[in-house]
Amino acid sequence: MPFEMERASGEALLTLEASQAMQRFRAEIRAPEDEDPVPPQVANVARSRWIPGRVIAIDGSTITTQLRLGAPGADASLLKVSVLLIDLKELSALPPDEIPSPSLFRDMEQVETLDAVLPGANVVRKGLINDTPSAFFRESVHDLLTSRIDKSWETLGETLAAITYGHDTSRTRCPVEECEERLTPGKGAYPCHCHRAQTIFESDSLRFVERFNPTGSNGEAHGEVRHLLEVLALFNILRFFAAEPDRLVHLRDNVFILDGPLAMFGHAAWLTPYLRKELARMNDLCRSSGFDIALFGFEKSGQFVNHFEMIDFDEEEGPRKVFSAGTVITPDADYINRRITLRPKGAKVHGDITYFGRKVLYKTRSGDHAVITTAMVDGASQDFTRNDSGCYPRLGDCLNVLDELSTYLYRDGFMPLIRAHAHAAIPIQRGSDILRKTFIDTSRPPKVSEGPASSRAGSFGKP
């Protein structure tokens, strides 16, 4: 291990590259193109001039900071999740090829922000003699799930319970070692008979505490909690509209966007089949009214983003010179396994236990790269061996949104997520019924008043 601020010298790096071990290593590895390369699977997607009435984008962030408590390594993470609603009616007044300005988006947006602090290593509560960092963390997760986006609608915890109702909880027991008490779904929180774990929380089934480190870094554990909140916020809003027929119609002209892939990783990955089932249930309701849900996740980094960059590189012309603007690539399981994740033929399909969305690589009208996951809303989209048009309902409409809301502010920039991320750093203690006011009360215009950015943000309400 190096000392603080110590770095390997250039001489050491050159020695590593020239070493016999590195030469042997390079001789043993192969690239995906070395054996029977599979060409990118370009799709012909039907397009229209449809543009949504509103975009709902969800993004979050966590920032970890050291605490001066006298305990070594004590830290905590500030967690923020924002739900941004952008009314796009004003875009219709723009010339067809003009990129919207950030100021225009600020005039069209309304946002709610949840902010909370997650305890980390060596942090306990006052007044609890037997408190531990793990117990503090567990209860903090439970408290977060009591948040509401709309005061008249269910909490995030109630959304979780509704989606997973009846799931097998045999593996979820009291976190105290040697205690065999099992979780009782629907009770929220209750005392354990062992008297050592003061309370069992229904959120313990998410198993985040298994990644929690009471004496070290907890960035990964806190990141898993943040991503769960982003996904639950998304499903909470979708369930709000699907709950009543007169609200369901509002889903037709709206697009929902999640920062990152439509997937659940880590200890909460067991939620994936329940998320797929809930998406299919809500989409069946929408199809009875003649449309599908428009939902996708947007990825900024990772294997698929890197792969897109590699295959769009021409040896003579340079980067992004292979595919023309408007190209859509819809990789199936075989392509992903052989060209991206390097799994052997017949191996388990990438994403089969973690994704509730399908990968799409798109070169936008402006030449940017966009890697998205479109929602799995039926049996066709859940079949990874297929990549025909039936697997991607509303794909053409999602691509329209990518074209219309791209921005030159950042490479491959996408304005809704840029604005959502900006608001994820604004904490204001205010609850509201944002969903009902914005979508149901048509007498109340969605445009926000002028003023400082913080006046347009709020925290999710508490029950």
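Residues numbered from 1 in each chain as written. Predicted model: local features only at pLDDT ≥ 70, side-chain atom pairs only at ≥ 80, totals over all residues. Heavy atoms only, no water.

Draft legend 1. Expanded view of the overall build of the protein chain. Helix and strand counts for the protein chain stand at 13 helices and 15 strands. Relative to its 463 residues, the protein chain shows a buried fraction of 52%. Put simply, of all contacts in the protein chain between residues at least 6 apart along the chain, 72% involve residues at least 24 apart. Entry remark: accessible area of the protein chain is about 22,500 Å², with carbon and sulfur atoms responsible for 53%. (Helix = DSSP H or I, 4+ residues; strand = E, 2+ residues; numbered from the N terminus. Buried < 20%, exposed > 50% of the residue type's maximum accessible area, 1.4 Å probe, protein only. Contact = heavy atoms within 4.5 Å. Areas by Shrake-Rupley, 256 points an atom, 1.4 Å probe, with all protein chains shown as cover.)

Draft legend 2. Representation of helix α6 (residues 219-242) in the model. The end-to-end C-alpha distance of α6, which contains 24 residues, comes to 35 Å, matching closely the 34 Å that a straight helix rising 1.5 Å per residue would cover. Burial of α6 is extensive: 22 of the 24 residues sit out of reach of the surface. (Expected span 1.5 Å × (residues − 1).)

Draft legend 3. Inspection of the pattern of salt bridges at higher detail. A complete count under the given rule lists 26 salt bridges for this structure. In this structure, Arg281 and Glu278 form a salt bridge, with 2.7 Å as the shortest nitrogen-oxygen distance. Remark: Glu278 and Arg281 occur in helix α8 (residues 272-287); sequence separation between them is three residues, near one turn of the helix. One continuous salt-bridge network, built from bridges that share partners, spans Glu154, Arg239, Glu278 and Arg281. (Salt bridge = Lys/Arg side-chain N within 4 Å of Asp/Glu carboxyl O.)

Draft legend 4. Quick peek at the sheet that holds strand β8 (residues 294-299). Spatial strand order, β1-β11-β12-β13-β8-β7-β2-β3-β4: nine strands in an open sheet with mixed pairing. For this open sheet the edge positions go to β1 (42-43) and β4 (109-119), each flanked by a neighbour on one side alone. As defined by bridge partners, strand β7 (residues 254-259) adjoins β8 across five bridges and the pair is classed as parallel. Bridging across to β8, Phe256 finds its partner in Leu295. (Pairing = 2+ DSSP bridges.)

Draft legend 5. Here's a closer look at the pairing of strand β12 (residues 357-363). For β12, the tally of buried residues reaches seven of seven residues, placing the bulk of the element in the interior. Examined bridge by bridge, strand β11 (residues 328-329) and β12 share two bridges and lie antiparallel to one another. Bridging from a neighbouring strand, Ile329 pairs with Leu361 of β12. Note that β12 and strand β13 (residues 369-375) share seven bridges and pair antiparallel. Across the sheet, the residue bridging to Lys363 is His369, located in β13. The antiparallel hairpin formed by β12 and β13 contains five residues in its connecting segment, where Gly367 sits at a positive phi of about 90°.

Draft legend 6. Quick look at a nonpolar patch on the surface. Side chains of Ile63, Leu78 and Val117 sit close together on the surface and give an oily, nonpolar patch of about 260 Å² of accessible area. Accessibility expressed as a relative area gives 54% for Val117, which makes it exposed. (Patch = residues over 30% accessible without salt bridge, like charges linked within 9 Å, V, L, I, M, F, W, Y side chains within 5 Å.)

Draft legend 7. How the structure looks around the environment of Leu88. Following the sequence through the fold, Leu88 ends up in the loop between β3 (75-87) and α3 (102-108). On the basis of relative accessible area, Leu88 is assigned to the buried category, the value being 6%. The spacing of Leu88 and Asn254 is 166 residues in sequence and 9.9 Å in space, taken between C-alpha atoms.

Draft legend 8. View of the environment of Ala375. In this structure, Ala375 sits in strand β13. Since its relative accessible area comes to 6%, Ala375 is described here as buried. For the pair formed by Ala375 and Cys391, sequence separation is 16 residues and the distance between their alpha carbons is 9.3 Å.

Draft legend 9. Structural detail: the packing of helix α9 (residues 303-311) against helix α10 (residues 333-340). Across the interface, α9 lies against α10 with an axial gap of 11 Å and an inter-helix angle of 80°. Looking at the two axes, α9 sits roughly perpendicular to α10. Packed against α9, whose contacting residues are Gln303, Phe304, His307 and Ile311, the element α10 presents Tyr335, Ile336, Arg339 and Ile340 at the interface. The residue makeup of the contact of α9 with α10, split by class, is five nonpolar, two polar and one charged. (Axes fitted to C-alpha atoms, helices over the stretch in contact; angles between N-to-C directions. Parallel < 35°, antiparallel > 145°, perpendicular 65-115°, else oblique. Nonpolar A, V, L, I, M, F, W, Y, C, P; charged D, E, K, R; others polar.)

Draft legend 10. Molecular detail of the pairing of strand β2 (residues 54-66). Two elements, β2 and β3, share 13 bridges in a ladder whose sense is antiparallel. Directly across from Thr65, in β3, lies its bridge partner Ala76. Alignment of β2 against β7, held across five bridges, turns out to be parallel. Bridged to Val55 within β7 is Val255.

Draft legend 11. Seen up close, unusual backbone geometry. With a phi angle near 55°, Leu342 is a residue other than glycine that sits in the positive phi range. Mapped onto the elements, Leu342 comes out in the loop between α10 and β12. If you check the backbone angles, Asp412 has positive phi at about 55° while not being a glycine. By the element assignment, Asp412 lies in the loop between β14 (406-407) and β15 (413-414). We classify Asp412 as buried; its relative accessible area is 19%.

Draft legend 12. Representation of the packing of aromatic side chains within the structure. One pass over the structure, following the stated rule, counts nine aromatic pairs. Seen in terms of ring centroids, Phe235 and Phe356 are 5.8 Å apart; in terms of plane orientation they differ by 70°. Their pairing is edge-to-face. You can see Phe235 sitting in helix α6 and its partner Phe356 sitting in the loop between α10 and β12, a full 121 residues away along the chain. By the burial criterion, Phe235 is buried, and Phe356 matches it. (Phe/Tyr/Trp six-rings, centres within 6.5 Å; stacked < 30°, edge-to-face > 60°.)

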